[in-house]
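Chain residues, written in single-letter form:
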Amino acid sequence: MFYEKPAAVISAQLNTLLLWPLGRSGKETVAAGTRKENVVIFPGQIFLYDYRDRETTGIRELSLIVVISECQRQQLESVSYSSRYALGLFYEAGTKIDVPWAGQYITSNPCVRFVSIDNKKRNVESSETGPSLVIHTTVPFGVKYLEQSTEDVQELIFQQLEDLLPGLPRPIFTKCRKWRHSQVTNAVANCPGQMTLHLKPFLVCGGDGFTQSNFDGCITSALCVLEALKNHV
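Okay, so let's go over this structure. Quick caveat, the model's predicted, so the values are computed rather than measured.

1. Side note on the side chain of serine 221
Now for step 1: Note that serine 221 resides in helix H5 (residues 215-232).
Now for step 2: Since its relative accessible area comes to 2%, serine 221 is described here as buried.
Now for step 3: Apart from residues no more than four positions distant in its own chain, serine 221 is found in contact with Gly193, Gly206, Gly207 and Thr211.

Below, the structure is given as structure tokens:
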């Protein structure tokens, strides 16, 4: 017995193949019972975007076929997230970051919200490994510059960081990441905990976007996903 279903094309930048690879016709024939269940975590909003015409840029871009009802689409569209940037700074071994703390929240800066000396916070300081800093921006800053290039945003963060930490050494490597889906500000109505998008193959969405944006919300959603998976298998 075979299953064949035309559907919307959703593309996600993932490192492993999940569920259905896209065929040229926009359809794929799947032998029933040949797929294993997968648990993969990424924002449910990814199912709202159609990247059919998007060019790949270095990262292997995989296509997923997903069947979403109009009701499910509306529910996913109702979820909203705060956005921010995260910047990692990496230093040579022996570099000293001369501050008395391992992490600090900043309340007086329009750009920087949190700074962490990550190796110090994790208590893994070593003479063979240089220190690293992690910087989170404020949400208003993240929203304002969300569509700017990460190179330009990184320079803006550097400028603000120099005011907060004068004399900070120049890093040997940096990594700036756009955190488009940070904390959930509005979850799916009635907080269902999970959303089953398809049965064959089985595809279920979970996360704090279906509950509330805190650790308890994540645990609640995980238990709901587990229950849905148990009922399926």
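2. Observations regarding the environment of arginine 180
Now for step 1: Inspection of the secondary structure puts arginine 180 in the loop between strand E10 (173-179) and strand E11 (184-186).
Now for step 2: Along the sequence, arginine 180 and valine 143 sit 37 residues apart, while their C-alpha atoms lie 8.5 Å from each other.
Now for step 3: Not counting residues within four places of it along the chain, the set of residues in contact with arginine 180 comprises Tyr81, Ser82, Ser83, Leu146 and Glu147.

3. Describing the environment of leucine 164
Now for step 1: Position of leucine 164 among the secondary structure elements: in helix H4 (residues 150-164).
Now for step 2: For the pair leucine 164 and valine 112, spaced 52 residues apart in sequence, the C-alpha to C-alpha distance is 8.9 Å.

4. Re the pairing of strand E6 (residues 84-90)
Now for step 1: Counting buried positions along E6 yields 6 of 7 residues, so the element is predominantly enclosed.
Now for step 2: Pairing between E6 and E10: 7 bridges, direction antiparallel. From the neighbouring strand, alanine 86 faces E10, where its bridge partner is arginine 177.
Now for step 3: Pairing geometry for E6 and strand E9 (residues 132-137), over 5 bridges, is antiparallel. Across the sheet, the residue bridging to alanine 86 is histidine 136, located in E9.

Thresholds applied
- Residues numbered from 1 in each chain as written.
- Predicted model: local features only at pLDDT ≥ 70, side-chain atom pairs only at ≥ 80, totals over all residues.
- Heavy atoms only, no water.
- Helix = DSSP H or I, 4+ residues; strand = E, 2+ residues; numbered from the N terminus.
- Buried < 20%, exposed > 50% of the residue type's maximum accessible area, 1.4 Å probe, protein only.
- Contact = heavy atoms within 4.5 Å.
- Pairing = 2+ DSSP bridges.

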